Amino acid sequence: MRKLIVLFCFFIVVFSSFAQNKYDSIGEPRIQVIKNDKTADISGRFLVLENDILYPYSNNSADLNFLLPDNYDYNRMLGYYQRVVYCYLTDNPPIVYQLMQWSVPIVIYMDKDIPKDVQDDFKNFISKLQMDNIKHLDISFTKRFKNSNYHIKSTETAVNGYDKNYEFDSEEDRLNDLLTGSTYKLVTDGNNKFYGGVLQIHLKSFQTNDDVTKRLKQLFYKSLGNFVADNYIETNSLLHNDYDNSAEILDFDLNILKIHYSLIYDQRIYLADFRNLLTWAQRQK
Amino acid sequence: MKNLFTLFILFGFISISQAQEHTTESSRKIYTSLKAYKLTYKTPLTKQDTLNFVVREHDTLVLITPKMSRNGKSVPYEYKDKSFLKYYKKSAFRSSGVDSTDQRQVMRYWKDPIKIFFSESISRKTRKDIMTLAKEISSQVDSLQISEVKKVEESNYVVYLFDDYEYDSLMKNYTNSDYYLHWNTRNQIYRCGVKIDTKIFYNQALISNKLKELFVSTLGHFYAINDLGCESYFANCYSENKQLTSLDLEILKYHYSYGICKGTTLQDFEVQHEKAKSVLKEHNVLINFFHLD
């Protein structure tokens, strides 16, 4: 009898987890108007208004292939990705990081007093990112301030992105910190999506133009997902604290972006949700 | 008996609004519960009044005579289906509907016309963007009038930037772009300040989009919810193509419809709907809500 109960419980667990095997179950799909759409699934939930019928937009067919480890040379790529996005992978973390994405094309305006060779090198870096055709990540430049949503701003005032009482292990660490002499601030909606930003840089805090370029590349890359920089992989990674300003973009860094922008999530994605997605991706195989 | 009088149901909550049944009969009598009468009417009951008492479903009902009547307007119950109400309640009552504290959340609304003053630093283009949206709403939503004024002392709604004069002292410590609504004990909003940080909303397009989003929220202290497509002003996600969707308009129209009591808690709102729907189902008549001036 006891074995029967255990078996019964096992089946309940298995079947209930299969019932959840849908992208939509991480959050209800959003309601939107689908006018004159005869293919809409009217057997599902819908909302009748005076003049319209609204249906939930279903994303159940979302392709989760990008969450399969076989797609990446590093077999721990998806583990690294989680650290880059969520920082803490343990239960009850001291700070809860959340997955954040740009939901609109990024249109950059660079202040004119940023040296021309820095601007050129930075544009070259962005074009290399764009060459990889990362889905849902669109970056361009504009000469018209009013058309931009990402301002790279040169400031006369020294800026630091940390509290004045923050203690570094050494002065060298402080000088190398990404947020010494530069900061960024992003406009975020209620769904953890970015739609505007300002990256400030104090040119006088840097000895050479290469140092400025290096910092811009790193900080801009970080602002694509509020990524957590650490000593990932080699020093040619933009996420390495001792980044060497490599001319090429490391596959690791590109893969982080590919994973991050394969899907623009309808709802907030917490670490537990992301792990569910990883499980469902395996089942989709 | 049912046809001899109309059943007057009044929910004697904080709200001063009342409900009564709506009928097409030319002669009708209006009753209210004794408890609600004491809360709302000042005229002492006479012996004659007590003779007119009727007992209904454990309630003693008082016949309202012309000498007791107060100025106000009677509006029939506006029926809404539960799927619409689900989204309306989440936004207007800022409720997730999952715990008992939600039941005490209240809805807030503007009773007087909204008169917007823009500080000098708000660009003409931004002012135009906001007023176009405001006029679109104002023209389609009854009981909600919105206009622009040129003098701050004539306004009850001020839009300004972080480096401007501090028009609302309660916002002086704000570090993010946001709004502050002032409301009275009847949950009627009577003043609003909206303040934008131009360090981050650095150009006209970003300012306009943020202001439009905040503006719609201030029309009822609405909460942006995660159920709606991003083009909706009631959605918690950004879109470059925000527009007043049919659902947005329906939410606003309903918020300013007097076919339900205003300024109530979620709990009272639920009870009123339950009663009104039950009377509609059982007697095929609409309860009227009487709104005192």
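Residues numbered from 1 in each chain as written. Chains lettered and ligands numbered in written order. Predicted model: local features only at pLDDT ≥ 70, side-chain atom pairs only at ≥ 80, totals over all residues. Heavy atoms only, no water.

A. Representation of the environment of A:Asp63. All names here are of chain A. Its location among the elements puts Asp63 in the loop between strand 3 (53-56) and helix 2 (77-86). For the pair formed by Asp63 and Ser262, sequence separation is 199 residues and the distance between their alpha carbons is 8.7 Å. A polar contact is formed between the side chain of Asp63 and the backbone nitrogen of Asn65, at a distance of 2.9 Å. (Helix = DSSP H or I, 4+ residues; strand = E, 2+ residues; numbered from the N terminus. Polar contact = N/O pair within 3.5 Å; in protein donor to acceptor, adjacent residues only side chain to side chain.)

B. The arrangement of the domain arrangement of chain B in detail. Residue and element names in this part refer to chain B. For chain B, the assigned domains are domain 1 (6-78 + 265-292) and domain 2 (82-255). With 10 residues of domain 1 in contact, the opposing surface of domain 2 contributes 14 residues. Between domain 1 and domain 2 lies a buried interface of about 1,000 Å² when both sides are counted; carbon and sulfur atoms form 62% of it. The largest share of the area that domain 1 buries against domain 2 comes from Thr265, Leu266 and Phe269, three residues that together contribute 50% of it. There are 1 salt bridge connecting domain 1 and domain 2. Of the charged contacts, one joins Lys89 and Glu270 as a salt bridge, the two residues approaching to 3.1 Å between their closest N and O atoms. Our enumeration of links across domain 1 and domain 2 arrives at 5 residue pairs in polar contact (both at pLDDT 80 or more). For the side of domain 1 that touches domain 2, the residue count by class is 4 nonpolar, 3 polar and 3 charged. (Domains from an automatic or database assignment. Contact = heavy atoms within 4.5 Å. Buried area = accessible area lost by both parts, 1.4 Å probe. Salt bridge = Lys/Arg side-chain N within 4 Å of Asp/Glu carboxyl O. Nonpolar A, V, L, I, M, F, W, Y, C, P; charged D, E, K, R; others polar.)

C. Main features of the pattern of salt bridges. Summed over all chains, the structure comprises 12 salt bridges over all chains. Here A:Arg174 makes a salt bridge to A:Glu171, at a shortest N to O gap of 2.9 Å. With A:Arg174 and A:Glu171 both in helix 4 (residues 171-176), this residue pair falls 3 residues apart, about one helical turn. By relative accessible area, A:Arg174 is classed as partly exposed at 25%. Judged by relative accessible area, A:Glu171 falls into the partly exposed class, the value being 46%. When salt bridges that share partners are traced, they join B:Arg127, B:Glu148 and B:Lys150 into one network. (Buried < 20%, exposed > 50% of the residue type's maximum accessible area, 1.4 Å probe, protein only.)

D. Molecular detail of unusual backbone geometry. All names here are of chain A. Unlike most non-glycine residues, Asn92 shows phi in positive territory, near 45 degrees. Counting through the fold element by element, Asn92 comes out in the loop between helix 2 and strand 4 (101-102). Accessibility expressed as a relative area gives 75% for Asn92, which makes it exposed. Positive phi is not limited to glycine here, since His136 has a value of about 65 degrees. On the secondary structure map, His136 appears in the loop between helix 3 (116-131) and strand 6 (139-141).

E. Representation of the state of the cysteines in the model. All names here are of chain B. The full count for this structure, using the stated rule, is 1 disulfide over all chains. For Cys230, the disulfide goes to Cys237, at an S-S distance of 2.1 Å. A torsion of -105 degrees about the S-S bond marks the disulfide between Cys230 and Cys237 as left-handed. Taking relative accessible area as the criterion, Cys230 reaches 24% and is therefore assigned partly exposed. (Disulfide = S-S within 2.5 Å.)

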